[in-house]
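# Overview (structure and organization)
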Amino acid sequence: MRQIAFREAIREALSEEMRRDNRVFIMGEEVAEYNGAYKVTQGMLAEFGPKRVIDTPIAELGFTAIGVGAAQHGLRPVVEYMTWNFAVLALDQILNTASKMLAMSGGQLSCPIVFRGPNGSAGQLGAQHSTAFESYLANIPGIKVVSPSNGYDAKGLLKQAIRYEEDPVMFMESEVMYGDKSDVPAEEYYIPLGKADVKRQGRDVTIVSYNKMMKVALGVADELAKENISAEVIDLRTIRPLDWHTVLESVKKTNRLVIVEEQWPMCSVSSELAYRIQKEGFDYLDAPVRRITSADAPMHYAPNLAALAIPDVARTAKIVREVMYIKK
């Protein structure tokens, strides 16, 4: 086991699968000559050459269409977006072609493609570069949505997506996590999609999150432990398919649930998860399901307003105390 940065874990996943299968290639803006906008693809052009590490014009709809067509003709493309905010320009290909082709062809034509890149807020980037897209994309039948919180999970899930998935996979990263280090084994491993992971065992309350909001969830657990409150923390990892069964089993033990996410509140991941748990686990709940999301507004550029817009440890801990009926 060694500690490597999130970006290195992604790079290892890409490189290992490209060495294993010459049908795998990556394309996107600045992935080749510039070594990637966030240095995820650093050194890959030198190893694999310009036919498999392909710089594209600033034309998301165009190069997404090329990737989708390549996938339908037997290749296994990885399309990188400089940010998922730019992928809305390619939504026609994602929604109307990639996600629907298997159904429209009567099961004859699959689309094994991975779309990946940074997602959500990352500091002072303004409203147009700070949207979290998990719930947008998870609303589309025919695709899978992955949103890891650490390098270990990211590598295993990305390798699984490239190698084994025949459906389009949306792989959501975070600019603020690329430098984060985690323990990643040198030996090869894969993590199946659709399985949440209990990151911390607890007995009093279940806290669920994913992507960079897992830092808030784990931070809250540390804070509450000082008050003798034992929080079980679950990382969803995959948003579609959504592993609500693991959450339900935890709630059967803790009887309380708090969900932390970066989505806007309307029609969010927490909305779906809260519905599932109240429907299937109502008799186990000792308090209403609570959640904390981003503010229901475009993200501000000002750092003080941005900090108020997204969940933090203090406000999340307050909600947990409320479901515990603890006044402080």
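An account of the accompanying structure is given in this report. (Residues numbered from 1 in each chain as written. Predicted model: local features only at pLDDT ≥ 70, side-chain atom pairs only at ≥ 80, totals over all residues. Heavy atoms only, no water.)

## Description of the overall build of the protein chain
When its secondary structure is counted, the protein chain shows 12 helices and 14 strands. Scaling as 2.2 N^0.38, a compact globule of 328 residues should have a C-alpha radius of gyration of about 20 Å, and the protein chain matches this with 20 Å. Along the first, second and third principal axes, the C-alpha atoms of the protein chain reach 60 × 45 × 40 Å. When burial is assessed residue by residue, the protein chain has 57% of its 328 residues classed as buried. Contacts in the protein chain between residues at least 24 apart in sequence constitute 82% of all its contacts with a sequence separation of at least 6. As displayed, the protein chain offers around 13,900 Å² of accessible surface, 55% of which is attributable to carbon and sulfur atoms. Positive and negative side-chain charges of the protein chain, numbering 38 and 42 respectively, have mean locations separated by a distance of 3 Å. (Helix = DSSP H or I, 4+ residues; strand = E, 2+ residues; numbered from the N terminus. Rg over C-alpha atoms; globule rule 2.2 N^0.38 Å. Buried < 20%, exposed > 50% of the residue type's maximum accessible area, 1.4 Å probe, protein only. Contact = heavy atoms within 4.5 Å. Areas by Shrake-Rupley, 256 points an atom, 1.4 Å probe, with all protein chains shown as cover. Lys, Arg positive; Asp, Glu negative; His and termini not counted. Charge placed at Lys NZ, Arg CZ, Asp CG, Glu CD.)

## Regarding the packing of aromatic side chains
A full pass over the atoms with the stated rule returns 9 aromatic pairs. Relative to Trp 264, the ring of Tyr 136 lies with its centre 6.5 Å away and its plane at 55 degrees, an arrangement referred to as tilted. With a gap of 128 residues between them, Tyr 136 in helix H6 (residues 134–138) and Trp 264 in the loop between strand E13 (257–260) and helix H10 (269–281) connect regions that are remote in the sequence. Residue class for Tyr 136 comes out partly exposed when judged on its relative accessible area of 46%. (Phe/Tyr/Trp six-rings, centres within 6.5 Å; stacked < 30°, edge-to-face > 60°.)

## Quick look at the nonpolar core
Core analysis: the biggest nonpolar cluster contains 41 residues, and Trp 84 and Leu 236 have the highest contact counts within it. At the level of secondary structure, the elements contributing two or more residues to this core comprise strand E2 (24–28), helix H3 (60–72), helix H4 (91–98), H6, strand E7 (169–173), helix H9 (244–254), E13 and H10. With residues near it in sequence (within four places) discarded, Leu 236 still touches Lys 195, Ala 196, Val 208, Ser 209, Tyr 210, Leu 242, Asp 243, Val 247, Val 269 and Leu 273. If you look at the next biggest cluster of nonpolar residues, it comprises 33 residues, including Met 18, Phe 48, Leu 157 and Val 184. (Core = buried A, V, L, I, M, F, W, Y, C linked by side-chain atoms within 4.5 Å.)

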